[in-house]
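Next come the chains, spelled out residue by residue.
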Amino acid sequence: MSEGTGLVAGKLPMRIKLYQGFGAVAFGVKDNGFSFFLLIFYNQVLGMDAGLVSLALLIALLVDALVDPLIGNLSDRTYTRWGRRLPWLYAAPIPLAFAWMMLWSPPTGAAPSFAGLVGIAIVVRLLLSACEVPSISLVPEITHDYDERTTLFRYRALAAWIGGLGMMVLAYTVFMPGAQGLLEPQGYFAFGIFGAILMAVSVIGSAAGQHRLLARWPARKPAPFSLRTAFAEIHEAFSERAFLILAVGAVAAYVNQGMLFSITNYLNLFVWQLTRDQLMLFPLVLFASVAVMFVVIGPLHRRFGKAPTAAGAAFGAAVTGLVPYGLFLLGAWPEPGSYASSLSFFAFLLMGNTLGVTSMVSATSMIAEIVEAFEERTDRRAEGAFYAGNWLIQKCATGLGIFLTGQIIAFSQLPANAIPAAVPQDVLFRLVLAFAGAALVLALVAAWWLARFPI
């Protein structure tokens with residue numbers, strides 16, 4: 001380990017990889033809740049209009065995204081004997097846990113007002129940012145090695161997916177079992193409590209596991225914080241050409257991801273008509289795809305580089321993932337709800353999600369190279385600013401994706417409290433056509449720009 005820096009020379013110890021990855025479990029829990037369950041909970045269970053719910057989530061995401069760069073700048077400027085990031089990771093998780101429980105347990109037991117949903121969603125997202133931005137910003141502080149950084153991002157991605165998919169498995173098997181269970185309010189309370197505990201344990205446990213490595217005074221004492229200086233530094237960081245190119249591709253990719261995640265339960269219930277047993281297989285297939293990504297992404301980066309891998313995987317994910325929907329529209333797909341339909345869908349899901357996660361992890365790993373290029377040009381470290389910038393892009397774009405899902409649901413004219421097997425075919429055709437068309441366009445835009453990353 002380099003004296004006074006926290007950097008580990010050479011191969012990272014396994015315990016550091018595990019502890020660093022463990023902190024991303026909280027992000028997976030949050031992402032799973034917001035993307036897969038929150039819209040259907042507030043729309044189909046509590047009876048709020050899908051367009052209003054998606055608008056509320058979009059507003060919360062935009063507010064959070066605008067604050068993220070300030071959180072990144074503040075963590076860059078934090079100067080304590082525990083370093084720049086650890087104090088944030090000890091302070092934010094407990095308030096986050098209480099806010100998360102409130103999100104799934106409205107005080108009146110009924111749907112909150114539009115303003116109430118916006119308010120609690122903003123609080124949850126800001127507290128999660130106070131955990132996630134400092135946590136991921138530790139990666140360039142731990143190692144300068146190109147391949148070891150990819151390894152840390154692999155572990156973070158794996159842990160995030162384990163956290164999110166673990167909550168999905170519990171939702172389908174324990175909290176809201178079966179297709180009809182997703183439409184009942186009782187299980188969401190326990191879902192919120194368990195998720196809150198898991199988020200707090202993951203962030204605090206990750207920080208404690210890395211404490212001995214990172215708890216030291218930063219090498220340089222930053223100037224006192226001021227909004228003017230903070231915005232000047234954020235503007236300077238965001239002016240990096242490589243970051244701007246990455247940002248354009250990332251916007252399209254994250255809009256696509258936000259739309260895909262938030263519409264998944266609608267597609268599973270109403271288009272593919274998955275049974276209770278089949279729904280329990282769904283997260284296992286997703287986990288298998290992440291496990292495949294974990295194995296193949298390193299060799300792909302060494303063979304092709306990060307940017308070509310990100311671009312090629314984004315294109316491949318779109319083509320593979322949309323095949324079932326194209327066949328459905330053409331009437332060439334097996335009867336929805338049958339084993340032939342479900343197993344075929346899972347096969348395409350495995351391939352498509354493997355490629356999609358590979359693209360996302362590759363793009364996130366590319367930010368570490370931007371940090372190094374920025375330091376060479378300015379002699380200043382700005383991990384927090386760049387990773388906060390990535391979260392700004394992700395959250396704005398994901399919010400647009402969720403908003404887009406709300407509009408697709410409204411366009412399809414899917415009624416509230418719909419019965420999966422009784423939805424008219426014309427409604428399903430509008431739903432699938434709008435979703436597939438948007439997903440294809442967004443994936444092509446993402447692949448085009450990621451391929452042009454200059455580092």
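Residues numbered from 1 in each chain as written. Predicted model: local features only at pLDDT ≥ 70, side-chain atom pairs only at ≥ 80, totals over all residues. Heavy atoms only, no water.

Structural notes on the nonpolar core
If you look at the biggest cluster of nonpolar residues, it comprises 149 residues, and the most contacted ones within it are Phe37 and Leu103. For this core, the element with the highest residue contribution is helix H11 (residues 241–271), accounting for 17 residues. Those residues in contact with Leu103, other than ones at most four positions away along the chain, are Phe34, Leu38, Phe41, Tyr42, Leu117, Ile120, Ala121 and Val124. (Core = buried A, V, L, I, M, F, W, Y, C linked by side-chain atoms within 4.5 Å. Buried < 20%, exposed > 50% of the residue type's maximum accessible area, 1.4 Å probe, protein only. Helix = DSSP H or I, 4+ residues; strand = E, 2+ residues; numbered from the N terminus. Contact = heavy atoms within 4.5 Å.)

Comments concerning helix H3 (residues 50–77)
For an α-helix, 3.6 residues make a turn, and residues three or four places apart therefore share a direction. Here H3 spans 41 Å end to end across 28 residues, near enough to the 40 Å set by a 1.5 Å rise per residue. The largest bend in H3 is about 30 degrees, located at Val67, with the proline Pro69 one to four residues further on. Of the residues flanking the start of H3, the one acting as N-cap is Asp49, its side-chain oxygen 3.0 Å from the backbone nitrogen of Leu52. (Expected span 1.5 Å × (residues − 1). Bend = angle between axes of the 7 residues up to and from the residue. Polar contact = N/O pair within 3.5 Å; in protein donor to acceptor, adjacent residues only side chain to side chain.)

Comments concerning the packing of helix H2 (residues 25–45) against H3
Two elements in contact, H2 and H3, have axes whose closest approach is 9 Å; the angle formed by their N-to-C orientations is 135 degrees. Taken together, the axes of H2 and H3 are oblique relative to one another. In the crossing of H2 with H3, the sense of the turn from one axis to the other is right-handed. Within the contact between the two elements, H2 uses Phe34, Leu38, Leu39, Tyr42 and Asn43 and H3 uses Ala50, Val53, Ser54 and Leu57. Grouping the constituent residues of the contact of H2 with H3 by class yields seven nonpolar, two polar and no charged. (Axes fitted to C-alpha atoms, helices over the stretch in contact; angles between N-to-C directions. Parallel < 35°, antiparallel > 145°, perpendicular 65-115°, else oblique. Left-handed = near helix turned anticlockwise from the far one by under 90°. Nonpolar A, V, L, I, M, F, W, Y, C, P; charged D, E, K, R; others polar.)

Side note on helix H13 (residues 306–330)
With 25 residues, H13 should reach 36 Å at 1.5 Å per residue; the first-to-last C-alpha distance of 36 Å fits that figure. Considering bend angle alone, the principal kink of H13 is centred on Val323 and spans about 40 degrees; proline Pro324 follows within four residues of it. Phi turns positive one or two residues past the end of H13, at Gly331, with a value near 75 degrees.

Description of the pattern of salt bridges
Considering all chains together, one arrives at nine salt bridges under this definition. Here Glu148 makes a salt bridge to Lys11, at a shortest N to O gap of 3.7 Å. Within this pair, whereas Glu148 is found in helix H7 (residues 146–175), its partner Lys11 is found in the segment before helix H1 (14–22), the two being separated by 137 residues in sequence. Given a relative accessible area of 67%, Lys11 falls into the exposed group. (Salt bridge = Lys/Arg side-chain N within 4 Å of Asp/Glu carboxyl O.)

Let's talk about the packing of H11 against helix H14 (residues 339–378)
For any two helices packed against each other, one specifies the inter-axial angle together with the distance between the axes. Where H11 meets H14, the axes come as close as 11 Å, and the angle between the chain directions of the two elements is 150 degrees. As far as their axial angle goes, H14 and H11 are roughly antiparallel. Crossing of H11 against H14: the hand is left-handed. Taking contact as the criterion, the partners of Ala242, Phe243, Leu246, Ala253, Tyr254, Gln257 and Asn268 in H11 are, on H14, Phe345, Met360, Ala363, Thr364, Met366, Ile367 and Ile370. Residue composition of the contact of H11 with H14, grouped by class: eleven nonpolar, three polar and no charged.

Topic: the packing of aromatic side chains
If you walk through the whole model with that rule in mind, you get 24 aromatic pairs. A centroid spacing of 6.0 Å and a plane angle of 10 degrees characterise the contact between Trp104 and Tyr188, whose relative ring orientation is stacked. Residue Trp104 is located in helix H5 (residues 93–104), and its partner Tyr188 is located in helix H8 (residues 186–209); the two are separated by 84 residues in the primary sequence. Tyr188 shares its class with Trp104; the two are buried. Ring centres of Trp272 and Phe345 lie 5.0 Å apart, and the angle between their planes is 25 degrees; this geometry places the pair in the stacked category. Remark: Phe345 occurs in helix H14 and Trp272 occurs in the loop between H11 and helix H12 (276–304); sequence separation between them is 73 residues. One aromatic cluster is present, formed by Phe34, Phe37, Phe41, Tyr42, Trp100, Trp104, Tyr172, Phe175, Tyr188, Phe191 and Phe194 through successive ring pairs. Directly above the ring of Phe34 sits Arg125, whose terminal nitrogen or CZ lies 4.0 Å from the centroid. One residue, Arg452, lies across the ring of Trp448, its end atom 3.6 Å from the ring centre. (Phe/Tyr/Trp six-rings, centres within 6.5 Å; stacked < 30°, edge-to-face > 60°. Lys NZ or Arg CZ within 6 Å of the ring centre and 35° of its normal.)

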